[in-house]
Every structure is written in C-alpha cells, then in structure tokens.
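Observations on the model geometry
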Amino acid sequence: MNLKVDICGKTLKNPVIAASGCFGFGREMSIQYDLNTLGGIALKAVTAQKRIGNPPPRIAETPSGMLNAVGLQNSGVDQFIVKEMPFLDKLDTILFANVAGSTIEEYIEVTEKLQNIAVDFIELNISCPNVKEGGNAFGAEPDTIYKVVKQVKKVSKQPLIVKLSPNTVDIAANAVAAQEAGADGISLINTLIGMSVDVDRKRPILANISGGLSGPAIKPVALSMVYKVAQAVSIPIIGMGGIMTGRDAVEFLLCGATAVMCGTLNLIEPDGIPNVIAGIEEYMTQHKIDDINELIGGLIV
Ligand SMILES: Cc1cc2nc3c(=O)[nH]c(=O)nc-3n(C[C@H](O)[C@H](O)[C@H](O)COP(=O)(O)O)c2cc1C
C-alpha cells in the first residue's frame, strides 16, 4: 500500500501532518510516540521578536470544538533556531516553519532568518492583523494576500505554503491571489472567529473576548472551502479543520487535498495522529485502494 504523497517535489511518507500551534515544536509530543511516523510537523508560529501572547483565560471548550486566543506566544525566531532546531534536525519527517507577523517587513525578516536551517517548507500564517493597515487580517482579502505573498516569495528558497483564513468573503479568490503572487501551495483552514459567554458572570469566557474556533465543529466549513479552492487553483492543497479520524482525513483528500493537518485532535488525544494514519490504511484496505494518490480529488459529484 502506498501512502506517500508529493508536495512541491518533496515526499511525505504519509499525508498526515501535525497542525501549527497544537504540537509545539515537537519536543513535548515526542514522549507520546515516534515523531518519524508523521508525514510532517507544522511548527508553532514564530515572529521576529518574543511575544508573551494574550492574558488568560485563553482556551474555552465549545460544543464539538474549542476556542483559543493564545495570541502567537513564542520566543522569537532567533531563539527558535537556537533552542528548537537541534532537536528538530534529528527528525526524519517533513518540517513546516509557520511564520507570523504584524507587518510585511516582519514576515520578510522572519522568513529570511529561516533560510539556512533545515525546514522543508515555509507556511505563511496570514491570519494575523496588519498593524499598518487598520488591523484587518492580511488574509481577509485578495489584495493584501497578494502583497504579502509576493514579497515573502522573493526571499524564500523553501516552497511557500500560504495558510488561508476562513474569515473572509471569497476563499477561492484569496487562494487565486496567493497562487498569482507565487505561492507554491495552500493550506486551509485556520480557525473561525468565535466567542463564548459565561451567563452567570455576564462576561466573555476568553479574556480576549473572541478567539479562534477549531475542532469537529468546523469540519463542514473546512471541507467546503477545500473543495472550492481545489476547483480554483492548480497548486497543491493541505486541508484541515476538525480531523479526528482516518475517515475524516479521507473526506479532505476526496475534496482535493494532497495532505491533511490535525490540530485540536492533539489536545484531546495526544497520541491521536498515528490512529488517523492507521484509519486511512484501514479505509484503503476496505476499499481495495493500493495508492493514496487515487483518492486525491476523487469526489464524485
Ligand atoms: C491552540 C491553538 C493554537 C494555534 N496556533 C496556530 C499557529 O501558531 N499558527 C497557525 O497557523 N495556526 C494555528 N492554529 C490553527 C490550527 O493550526 C488549525 O488551522 C485549526 O485549529 C483548524 O484545525 P483543527 O480543527 O484540526 O484544530 C492554532 C489552533 C489552536 C487550537
């Protein structure tokens, strides 16, 4: 049975990748299972300087999902390289460095610093507010997506995967803008904006008031967006949003994703991703499929 998939000329041993922000930099998760069994790891977002993130509470459970407002807490790109890369260097899996910023200059600075280290892909997290343009997220509309992707692409030797936000009007137009600006692939979806209220205290549950919704609650939205984007672009797509099982992952592959990422799953079941991989194999056995590539875009409509 072949589980290998190709993204931008790089081979993933299977199509299941840990999603950014839900797997740290891998170290804590390595006590759960052998990380080399993963198709890849998308690392926690890094920014130019250290960020302390938002005040607590920054996580809340919701029906079939969760809200988070962690706020890009990280030690900054220089510390990431010194502290995390020696451990990551030893792994035999594909690494995606997730880059965030408040300005186009910050995205460029971080990407430049990641050029001479052993990460396979740059994943551009464009869900961050653009502080120079009134605070709307870079990923909210095609114009700003085009501008940031075009600039970052100029400095990135690694293939550039642009991670789209679902908090937008036309996800397909955003994907096309990313492709036209030089993106080598698209990953989607990031979290949906949401909020929860504690009615006894009459206060929002998150200190940040709103946060990002993830988990099974968002899977139908994610699938429909992956399907739309797959119709609109020719570059590879990595799908995510609420994947908990192998069969969930197969849904994304059928809708046109070449690979998938699992985020919230890791917070519920720290050893969950190997079960997703096993579940895909089980599905392939049941359906007598020898090569996973036969599933990609195989939805019958
Ligand atoms: C606690 C938490 C932290 C996250 N941090 C990041 C991040 O640093 N960068 C990023 O691109 N996405 C981040 N995400 C979004 C996930 O990578 C993923 O796009 C989203 O959660 C949907 O997938 P899921 O339903 O499998 O979690 C985060 C999500 C959660 C729940």
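Report on the accompanying structure. Note that this is a predicted model, so its numbers are computed, not measured.

Before going further, it helps to examine the sheet that holds strand β6 (residues 65-68). Strand order in the open sheet made by the four strands is β5-β6-β14-β11, with antiparallel pairing throughout. Taken across any chain shown, the strands that pair with only one partner, and hence form the sheet edges, are β5 (59-62) and β11 (192-195). Direction aside, the axes of adjacent strands within the sheet are offset by 40° on average. Relative to β6, β5 runs antiparallel, the two sharing four bridges. Each residue of the ladder has a partner; that of A60, found in β6, is L67.

The next point concerns the site of the ligand. Near the ligand, the surroundings consist of 23 residues, among which S20, K163, G215, G242 and T264 are the closest. Between the ligand and G263 there is a distance of 2.9 Å, counted from an oxygen atom to a backbone nitrogen or oxygen. Alone, the ligand offers 610 Å² of accessible surface; in the complex the protein occludes 96% of this. Here the shell around the ligand is built from residues that sort into eight nonpolar, 13 polar and two charged.

This part takes up the layout of surface pockets. A water-sized probe rolled over the atoms picks out the places where empty space is left. The calculated volume of the second largest pocket comes to roughly 150 Å³. As for the second largest pocket, its lining consists of I59, A60, E61, T62, S64, G65, M66, P216, T264, L267 and I268. Broken down by secondary-structure element, the contributors of at least two residues to the lining of the second largest pocket are β5, β6 and α7 (265-268). A per-element tally of the lining of the second largest pocket places β5 first, with four residues. Looking at the lining of the second largest pocket, its residues break down into six nonpolar, four polar and one charged.

About the thresholds
- In every chain, residue numbers begin from 1 and rise along the written sequence.
- Totals for whole chains, interfaces and linings use all residues, but because this is a predicted model, local features are given only for residues with pLDDT of at least 70 and pairs of side-chain atoms are given and counted only at 80 or more.
- Hydrogens and water molecules were not included; the side-chain quantities draw on all heavy atoms of the structure.
- When DSSP finds two or more bridges between a pair of strands, those strands are recorded as paired.
- A helix here means a DSSP run of H or I that spans at least four residues, while a strand means a run of E at least two residues long, and both kinds are numbered starting from the N terminus.
- Lines fitted to C-alpha atoms define the axes here, with helix axes fitted over just the stretch in contact, and angles between the N-to-C directions of these axes take values from 0 to 180 degrees.
- Definition of nearness: a residue and a molecule or strand are near each other if at least one heavy atom of the residue lies within 4 Å of the molecule or strand.
- Polar contact criterion, stated in full: a pair of N or O atoms within 3.5 Å, where within protein one must be able to donate a hydrogen and the other to accept it, and residues adjacent in sequence count only if both atoms are side-chain atoms.
- The accessible surface values rely on the Shrake-Rupley method and a 1.4 Å probe; as for residues, cover is taken only from the protein chains in view.
- Under the convention adopted here, Pro, Cys and the residues Ala, Val, Leu, Ile, Met, Phe, Trp and Tyr are nonpolar, Asp, Glu, Lys and Arg are charged, and Gly plus all remaining residues are polar.
- Think of a 1 Å grid over the protein atoms and nothing else: a 1.4 Å probe that fits but is trapped marks a cavity, an open set flanked by protein within 12 Å on at least five of seven lines marks a pocket, and residues with an atom within 4 Å of a point count as lining.
- Grid points are joined across faces, edges and corners, and a volume is the space filled by probe spheres set on the points.

Any link to function would need more than the numbers given here.
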